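# Chain and residue survey
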Amino acid sequence: MGQYKLLFTGPVGAGKTTAIASLSDDPPIKTDAAASDMTRKFKPETTVALDYGVMRLPGGEKLHLYGTPGQERFDFMWEILTTGGVGLILLISNARPNPFQDLRFFVQRFEPFIRATAVAVGITQMDIKADPGLEEYQRLLDELKVRAPLFEVDARSRADVSLLVQALLFTLDPGLKVDAGDEAS
């Protein structure tokens, strides 16, 4: 039985904790604390160490889901969490003030890990703010020389997040057969 580690990252409020909760077959472990800085504008609590969930794949394999804190002051956890990871799910909230800056920042900070593995990008909260669109994100990824599956994602939807994970896994191994429980929640 295989055990694989997948990392979720992105800025505060992008939906990392929610995405892991939507996929995990067990109740997720969260390390949330009351937000005490500008993060309060986005949400009352924030992840300070990690989020963790597990997804059981066909054949008994497990996909361990780790979410990073979104605040740069907790970036010491980013390197710790990437160790042993097979890929990165990058979530960007379209409702944040400068989502392109967020995308550029996280791609640059995780560049060594992305180059060693693969990345898939999910744009969240497009229902709140539709502009910029996926085409503009694709142009920025091209500019950054990052080849990645790119999707609009509702982090609350198991089907949406599952599709993003499946795209990442397919990028890692095009012959992979994955049924990651893509039923809608």
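So, a few notes on the structure that sits alongside this text. (Residues numbered from 1 in each chain as written. Predicted model: local features only at pLDDT ≥ 70, side-chain atom pairs only at ≥ 80, totals over all residues. Heavy atoms only, no water.)

## Focus on the overall build of the protein
Across its full length, the protein carries 6 helices and 7 strands. Taken from the N to the C terminus, the helices and strands of the protein come in the order β-α-β-β-β-α-β-α-α-β-α-β-α. Sorting the 185 residues of the protein into buried and exposed places 50% on the buried side. Of the contacts made within the protein by residues no fewer than 6 positions apart, 68% connect residues no fewer than 24 positions apart. When the accessible surface of the protein is totalled, it reaches about 9000 Å², and 54% of it is carbon and sulfur. (Helix = DSSP H or I, 4+ residues; strand = E, 2+ residues; numbered from the N terminus. Buried < 20%, exposed > 50% of the residue type's maximum accessible area, 1.4 Å probe, protein only. Contact = heavy atoms within 4.5 Å. Areas by Shrake-Rupley, 256 points an atom, 1.4 Å probe, with all protein chains shown as cover.)

## Thoughts on the packing of helix 3 (residues 99-109) against helix 5 (residues 134-143)
Relative orientation of the contacting elements helix 3 and helix 5 amounts to 30°, with a least axis distance of 11 Å. With respect to helix 5, the element helix 3 is oriented roughly parallel. In the crossing of helix 3 with helix 5, the sense of the turn from one axis to the other is right-handed. Note on element contacts: helix 5 touches helix 3 through E136, Y137, L140, L141 and E143, opposite P99, F100, L103 and R104. In terms of residue class, the contact of helix 3 with helix 5 is built from 6 nonpolar, no polar and 3 charged. (Axes fitted to C-alpha atoms, helices over the stretch in contact; angles between N-to-C directions. Parallel < 35°, antiparallel > 145°, perpendicular 65-115°, else oblique. Left-handed = near helix turned anticlockwise from the far one by under 90°. Nonpolar A, V, L, I, M, F, W, Y, C, P; charged D, E, K, R; others polar.)

## Some remarks on the environment of V12
Of note, V12 is situated in the loop between strand 1 (3-9) and helix 1 (16-23). For V12, a relative accessible area of 7% corresponds to the buried category. Residues V12 and R96 lie 84 residues apart in sequence; the distance between their C-alpha atoms is 9.1 Å.

## Focus: helix 6 (residues 158-172)
For helix 6, built from 15 residues, the straight-helix expectation of 21 Å at 1.5 Å per residue is met to within 8% by its first-to-last C-alpha distance of 21 Å. Every buried residue of helix 6 is accounted for by R158, V161, S162, L164, V165, Q166, A167, L168 and L169. (Expected span 1.5 Å × (residues − 1).)

## A look at the packing of helix 1 against helix 6
A pair of packed helices is characterised by two quantities: the angle between their axes and the separation of those axes. Here helix 1 crosses helix 6 at 95°, and the two axes come no closer than 9 Å. On the basis of their axis angle, the class for helix 1 and helix 6 is roughly perpendicular. Contacts from A19, S22 and L23 in helix 1 reach R158, V161, S162 and V165 in helix 6. In terms of residue class, the contact of helix 1 with helix 6 is made up of 4 nonpolar, 2 polar and 1 charged.

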